[in-house]
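Observations on the three-dimensional arrangement
Chain residues, written in single-letter form:
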Amino acid sequence: MKILFWNTNRNSAINPYVASIVCDYNIDILVIAEYGADKNELCDMFKNNKQYLTECNTLGCDRIEAWSSYVNVKPGIQERYYSIQVIQEEFILCCVHMFTDLHGDRSDERLAIIQKIMYDIQKIEKEIQSQRTIIIGDINEMPYGKGCLNANGFHGLPALTISDRPTRTVNEMEYRKFYNPMWNLPGDFSYPPGTYYVNQSKLHSPMWYMLDQVIMSQDILPLFKKECLKIITSCSYADLMDESQHPNKKNQRSFSDNV
């Protein structure tokens, strides 16, 4: 299962880039936040590339659009900031697009929504008798943020194996562990150093931010290929970086997770 997530920043000319990446990487599931282009045009491009992705039902979540090559995809719970899809009655894919801290710290508000997300995920896991869960999207928070890392949030740890104890106890409460491989990508050991770049006039700024996350349950680990986790910087249609090796302003973010 190959999954592509991209916040396309309401770019009306983004379709050729999306179709190119889907074709180049043989994407099975496409998830887009802030999609502002022509869906019919994109579907025609898929067909021309012999990529037969059909639109998923995200009615109730206007911040997320999704397409899948799998026939058996059923909509789970749809809320303002997230869309849950059940794939082949076995996999739970939660697609997320949260608000930013552009106008002040909103980490507490994000954490409250993430707690609701985790409750809804657990509800669906019980219904389908499966804990094969993937959470993907623009969380607008670094991996160490409250919502991403807190035990009462996504609990996305930087290291987790299939043999590790599945939970940990905090103040006599048991919390299930999840794995967030995006911890491994910030910095210049591999390029690019993040999924979002901004040069602000601030004393404290990393300039590169890892705001897009892939967080998975322990049951997904045997299927996850670490070497396939990529921040996509180019496709056959065009380069997604500018001359300074920063994200092209026409294509603000590109991020792909292949599982």
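Everything numeric here is computed off the predicted structure, so don't read it as measured data.

**Focus on the confidence of the model for the chain**
Mean pLDDT for the chain: 93, with 96% of residues reaching 70 or above. In the predicted structure, residues 254-259 sits below a pLDDT of 50 and forms 46 contacts with residues beyond four places in sequence or in another chain.

**Examining the pairing of strand 6 (residues 82-87)**
The buried count for strand 6 comes to six of six residues, which makes it a mostly enclosed element. Side chains Tyr82, Ile84 and Val86 of strand 6 all project onto a buried face; the interleaved residues Ser83, Gln85 and Ile87 project onto the opposite face, where all are buried too. By the bridge criterion, five bridges tie strand 5 (residues 73-79) to strand 6 in an arrangement that is antiparallel. The residue bridging Lys74 from the neighbouring strand is Val86, located in strand 6. What sits between the antiparallel neighbours strand 5 and strand 6 is a turn of two residues. Pairing of strand 6 with strand 7 (residues 91-97), which is carried by six bridges, proceeds in the antiparallel orientation. Along strand 7, the bridge assignment pairs Ile87 with Phe91.

**Observations regarding unusual backbone geometry**
Residue Tyr191 is joined to Pro192 through a cis peptide bond whose omega torsion reads 0 degrees. As for its placement among the helices and strands, Pro192 is situated in the loop between strand 12 (178-179) and strand 13 (196-197). The phi torsion at Asn140 lies on the positive side, around 55 degrees, for a residue other than glycine. By the secondary structure assignment, Asn140 is in the loop between strand 8 (132-138) and helix 4 (146-149). Phi is positive for Glu172, which is not a glycine, with a value near 65 degrees. Position of Glu172 relative to the elements: it lies in the loop between strand 10 (167-170) and strand 11 (173-176).

**Some details on the sheet that holds strand 12**
With respect to topology, seven strands assemble into an open sheet ordered 5-6-7-8-15-12-9, the strand pairing being mixed. Either end of the sheet is taken by a strand with one partner, and the two such strands are strand 5 and strand 9 (156-157). Helix-sheet contacts for helix 3 (residues 107-128) involve strand 5, strand 6, strand 7, strand 8 and strand 12, and the interaxial angle to strand 6 is about 15 degrees.

Calculation rules
Residues numbered from 1 in each chain as written. Predicted model: local features only at pLDDT ≥ 70, side-chain atom pairs only at ≥ 80, totals over all residues. Heavy atoms only, no water. pLDDT = per-residue confidence, 0-100. Contact = heavy atoms within 4.5 Å. Buried < 20%, exposed > 50% of the residue type's maximum accessible area, 1.4 Å probe, protein only. Helix = DSSP H or I, 4+ residues; strand = E, 2+ residues; numbered from the N terminus. Pairing = 2+ DSSP bridges. Axes fitted to C-alpha atoms, helices over the stretch in contact; angles between N-to-C directions.

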